[in-house]
Amino acid sequence: RPFHVEPTNIVSVNDDMQRVTDEASAMNKRIHYYSRLTSPTDRALIAPDHVLPAPDEIYVYSPLGTAFRVDSCTDGYGKNSSIVTIFVIWNTMMGTSILSIPWGIKQAGFTSGIILILLMGLLTLYCCYRVVKSRKMIPLIDTSNWEFPDVCKYYFGSFGQWTSLLFSMVSLVGAMVVYWVLMSNFLFNTGKFIYNYVHDINVTDIVPGTNGSNKVICPSAAGDHPPQNGSMVFSSGNSTGFELFEEWWNKSQTVPFYLIAVLLPLLNLKSPSFFAKFNVLGTVSVIYLILLVTVKAAHLGIHLEYNWFTEDEFFVPEFRILFPQLTGVLTLAFFIHNCVITLLQNNKNQENNVRDLSIAYLLVGLTYLYVGVIIFASFPSPPLSKECIEQNFLDNFPSNDIMSFIARIFLLFQMMTVYPLLGYLARVQLLRQLFGNAYPSVFHVLILNIAIVGAGVLMARFYPNIGGIIRYSGATCGLAFVFVYPSLIYVISLHRAGQLTWPVLIIHIFIIVLGLANLIAQFLL
């Protein structure tokens, strides 16, 4: 009897073959894009054959230097569900900016700070949406493997190529400088806590602070710069040994140099992909910070008083002229524009990109609002002034605070694993553009890494103000990637299609002016 095949089976087989073909094509496109970030011989951003992800396990790399491993959360090979896409975007944007949000709200005023977080979130979301749509507005060219710098090169030629590289390097190096300052801070406080605990030394910082088990301090009250090791022993311990420790374990004069011995060799590795496995610590750190903020607020209570425009001994006005300092921080806090296309490419349902991007931005904004508002509102005023809120809000808790100690340990280890990835991507972008090779020689790589590390050490030594560094670098790179290029590209594409109208032109010119004013204001206030 002849073998009979039902037509439905043929359709099923054909569908399966088509699905496999589509999945293979998608994977080839992703691998092709990642391979363009590095040299042909460097496989740091290419999954090796023996560890290619199974249908329930993929790796998503962001050009900003964050790598995510997604397990059992995908719908199809190499494609993410909407909830995973939202989480990846949230996790990419949630960075060190969260530590400076309470300080930014203090600089802007409580009411204006909340309004600015909402407005900047909406504005950067709109500009991010324009970035996502930018490559789709290019006719007759396959742009499936393009990222936003490629779009800039298409519209503006070599000028767009080099300026996008410049501003991308500003964001990467700026982040690495902030990381170095924070790692120095966390390492100092961690070492101080461990030394005091091991030697049974009780220390009180010579700074104003509250009493009780939930102590809050005001480091900036000692002067324009926070004190380094100013403290006095009032209980058991060897005072001579403690003074020697204080001399060799100094937040700005010694600790930033100790980090060189650990991190400079890691920067010179050809492929730091091993460290991508630890980036889940970023999520853990953010969740723990939210927990810390909640617990501290529950113990400290709410301390608010509304003074709309007048100064007060313990409270700040609701609206302050220093508000651009918060907008500069927020520009980097909501910055994802130079890698958002890659992240959304992995979304299984492309028609949901706008919705998923909007939800991710909403979650990021709510996270910033929660941490910023809770820290500001619960800061004990009186007896301390709201002006005491530090650029890194963890500095408002003494080194012997257990919850803050755990937070610093988490953040220190997480930053030490992300730092080599940021350095690697800075090397790839710069050296590949200049020499056509991401690793032209050990000498080239070493010189670049010494320059990057040197910038971090100098900042940690002479300008350890992460809020200032974040707002300067955020306003600078945001001018190009957030405000100017997305608006110009949209206007040019509409003009070429004969669809440009005066209202659209005026709105996008206004956005460009806002970005320029945001940058200029950072140097005036």
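Residues numbered from 1 in each chain as written. Predicted model: local features only at pLDDT ≥ 70, side-chain atom pairs only at ≥ 80, totals over all residues. Heavy atoms only, no water.

Definition in use: UniProt positions are given in the numbering used here, feature names are shortened, and annotations may be inferred rather than shown by experiment.
An unreviewed UniProt entry lists the protein chain under the name Neutral amino acid transporter 9, from Asarcornis scutulata. The UniProt entry for the protein chain carries the following text under Sequence similarities (unreviewed entry): "Belongs to the amino acid/polyamine transporter 2 family. SLC38A9 subfamily."

### Details of the overall build of the protein chain
Heads up, the rule is: Runs of H or I in DSSP of at least four residues are treated as helices and runs of E of at least two as strands, each being numbered from the N terminus. Only protein chains enter the accessibility calculation, which uses a 1.4 Å probe. A residue is then buried if its area is under 20% of the maximum for its type, exposed if over 50%, and partly exposed in between. Whether two residues are in contact is decided by their heavy atoms, any of which lying within 4.5 Å being enough. Residue burial considers only the protein chains on display, and all accessible areas are found by Shrake-Rupley using a 1.4 Å probe.
Secondary structure summary: the protein chain contains 15 helices and 4 strands in total. Per-residue burial over the protein chain gives 55% buried out of 525 residues. Within the protein chain, contacts between residues separated by at least 24 positions form 79% of all contacts whose residues are at least 6 apart in sequence. By element, 67% of the accessible surface of the protein chain is carried by carbon and sulfur atoms, the whole surface being about 23,200 Å².

### A short note on the packing of aromatic side chains
We count it as follows: Aromatic pairs are defined between Phe, Tyr and Trp rings, using the six-membered ring for Trp, whenever the two ring centres lie within 6.5 Å; interplanar angles under 30 degrees are classed as stacked, those over 60 as edge-to-face, and all others as tilted. We call a charge positioned above a ring when the Lys NZ or Arg CZ atom is no farther than 6 Å from the ring centre and deviates by at most 35 degrees from the ring normal.
Evaluation of the coordinates by the stated rule reveals 21 aromatic pairs. Between Tyr-306 and Trp-308, the aromatic rings sit 6.1 Å apart at their centres with planes inclined by 25°, giving stacked as the arrangement. You can call Tyr-306 partly exposed: its relative accessible area is 46%. The exposure class of Trp-308 is partly exposed, given its relative accessible area of 44%. Judged by centre distance (5.5 Å) and plane angle (85°), the ring pair of Phe-334 and Tyr-368 falls under edge-to-face. Taken together, the residues span a long stretch of sequence, with Phe-334 in the loop between helix H9 (324–333) and helix H10 (340–345) and Tyr-368 in helix H11 (residues 353–378) at a distance of 34 residues. Put simply, the rings of Phe-110, Tyr-306, Trp-308, Phe-319 and Phe-376 touch in pairs and so form one group of aromatic residues. Taking NZ or CZ as reference, Arg-471 lies 4.5 Å from the ring centre of Tyr-472, over its face.

### Section: the nonpolar core
Put simply, the rule is: Note on terminology: a nonpolar core comprises buried Ala, Val, Leu, Ile, Met, Phe, Trp, Tyr and Cys residues joined through side-chain atoms within 4.5 Å.
Counting residues in each nonpolar core, the largest one holds 130 residues, and the members touching the most others are Leu-99, Phe-393, Leu-394 and Tyr-419. Tallying contributions element by element places helix H5 (residues 148–198) first for this core, with 20 residues. Filtering out sequence-adjacent residues up to four positions away, Leu-99 remains in contact with Leu-182, Phe-186, Leu-289, Gln-391, Asn-392, Phe-393, Leu-394, Leu-411 and Ile-466.

### Let's talk about a negative patch on the surface
Going by this rule: Within the patch definition used here, like charges are joined within 9 Å and nonpolar side chains (Val, Leu, Ile, Met, Phe, Trp, Tyr) within 5 Å, considering only residues with over 30% relative accessible area and no salt bridge. By definition, a salt bridge exists where a carboxyl oxygen of Asp or Glu is found within 4 Å of a side-chain nitrogen of Lys or Arg. His is not counted, nor are the chain ends, whereas Lys and Arg count as positive and Asp and Glu as negative. Charge placement uses NZ in Lys and CZ in Arg. For Asp and Glu, CG and CD serve respectively.
Residues Glu-305, Glu-311, Asp-312 and Glu-313 make up a contiguous surface patch of negative charge. As for its placement among the helices and strands, Glu-311 is situated in the loop between helix H8 (280–300) and H9.

### Notes on the packing of H5 against helix H13 (residues 442–462)
Note the threshold: Here an angle of 0 to 180 degrees is reported between the N-to-C directions of two axes, which are lines fitted to C-alpha atoms, with helices fitted over the stretch in contact. Any angle that is under 35 degrees is reported as roughly parallel, and any over 145 degrees as roughly antiparallel; angles of 65 to 115 degrees are reported as roughly perpendicular and all others as oblique. The hand of a helix crossing depends on one turn: near helix anticlockwise from the far one by less than a right angle means left-handed, and clockwise means right-handed. Each residue gets one of three labels, nonpolar for Ala, Val, Leu, Ile, Met, Phe, Trp, Tyr, Cys and Pro, charged for Asp, Glu, Lys and Arg, and polar for the others, Gly among them.
Two numbers describe how H5 lies on H13: the axes approach to 8 Å, and their chain directions differ by 50°. Relative to H13, H5 is oriented oblique. Relative to H13, H5 is oriented so that their crossing is right-handed. Every residue of H13 that contacts H5 at Met-176, Val-177, Trp-180, Val-181 and Ser-184 is listed here: Ile-452, Val-453, Ala-455, Gly-456, Val-457, Met-459 and Ala-460. Its residues placed into classes, the contact of H5 with H13 shows 10 nonpolar, 2 polar and no charged.

### Quick word on the confidence of the model for the protein chain
Predicted coordinates in areas of low pLDDT are best not read in detail. Put simply, the rule reads: The pLDDT value expresses, per residue, how confident the predictor is, ranging between 0 and 100.
With 80% of its residues at a pLDDT of at least 70, the protein chain reaches an overall mean of 81. For the protein chain, per-element mean pLDDT is lowest for strand S1 (residues 57–61), which scores 36, and highest for helix H15 (residues 502–524), which scores 96. Counting contacts from residues 1–77, a segment whose pLDDT is below 50, to residues more than four positions away or on other chains yields 121 contacts. Counting contacts from residues 224–230, a segment whose pLDDT is below 50, to residues more than four positions away or on other chains yields 15 contacts.

### Some details on H15
Put simply, the rule reads: To estimate the expected span of a helix, count its residues, drop one, and scale the result by 1.5 Å.
In this model H15 runs 32 Å from its N-terminal to its C-terminal C-alpha over 23 residues, within 8% of the 33 Å that 1.5 Å per residue would give. Inspection of H15 places His-508, Ile-511, Gly-515, Asn-518, Leu-519, Ala-521 and Gln-522 among the buried residues, and these make up the whole buried set. Against the buried residues of H15 lie helix H4 (110–134), H9 and helix H14 (466–496).

### Notes on the side chain of Ser-381
Assignment of secondary structure puts Ser-381 in the loop between H11 and helix H12 (402–435). Look at Ser-381 and you get buried, because its relative accessible area is 3%. The residues touching Ser-381, leaving out its near neighbours within four places in the chain, are His-303, Phe-314, Phe-315 and Lys-386.

### Some details on a nonpolar patch on the surface
Taken together, the side chains of Ile-115, Leu-119, Leu-122, Ile-302, Leu-304, Tyr-306, Trp-308, Phe-309 and Phe-319 define a hydrophobic patch exposed on the protein surface, amounting to about 950 Å² of accessible area. Examined against the element boundaries, Leu-304 turns out to sit in the loop between H8 and H9.

### Points about the environment of Lys-386
Following the sequence through the fold, Lys-386 ends up in the loop between H11 and H12. Accessibility expressed as a relative area gives 0% for Lys-386, which makes it buried. With 83 residues separating them along the chain, Lys-386 and His-303 place their C-alpha atoms 9.5 Å apart. Setting aside residues no more than four positions away along its own chain, Lys-386 makes contact with Lys-106, His-303, Phe-314, Phe-315, Val-316, Phe-376, Ala-377, Phe-379 and Ser-381.

### Structural notes on unusual backbone geometry
With the exception of glycine, most residues fall at negative phi, and the peptide bonds are largely trans. Of note, the amide linkage connecting Ser-381 to Pro-382 takes the cis form, showing an omega dihedral of -15°. Among the secondary structure elements, Pro-382 is positioned in the loop between H11 and H12. Cis geometry marks the peptide bond from Pro-382 to Pro-383, where omega comes out at 15°. As for its position among the elements, Pro-383 is in the loop between H11 and H12. Of note in this structure, Leu-140 is not a glycine but carries a positive phi near 65°. Its location among the elements puts Leu-140 in the loop between H4 and H5.

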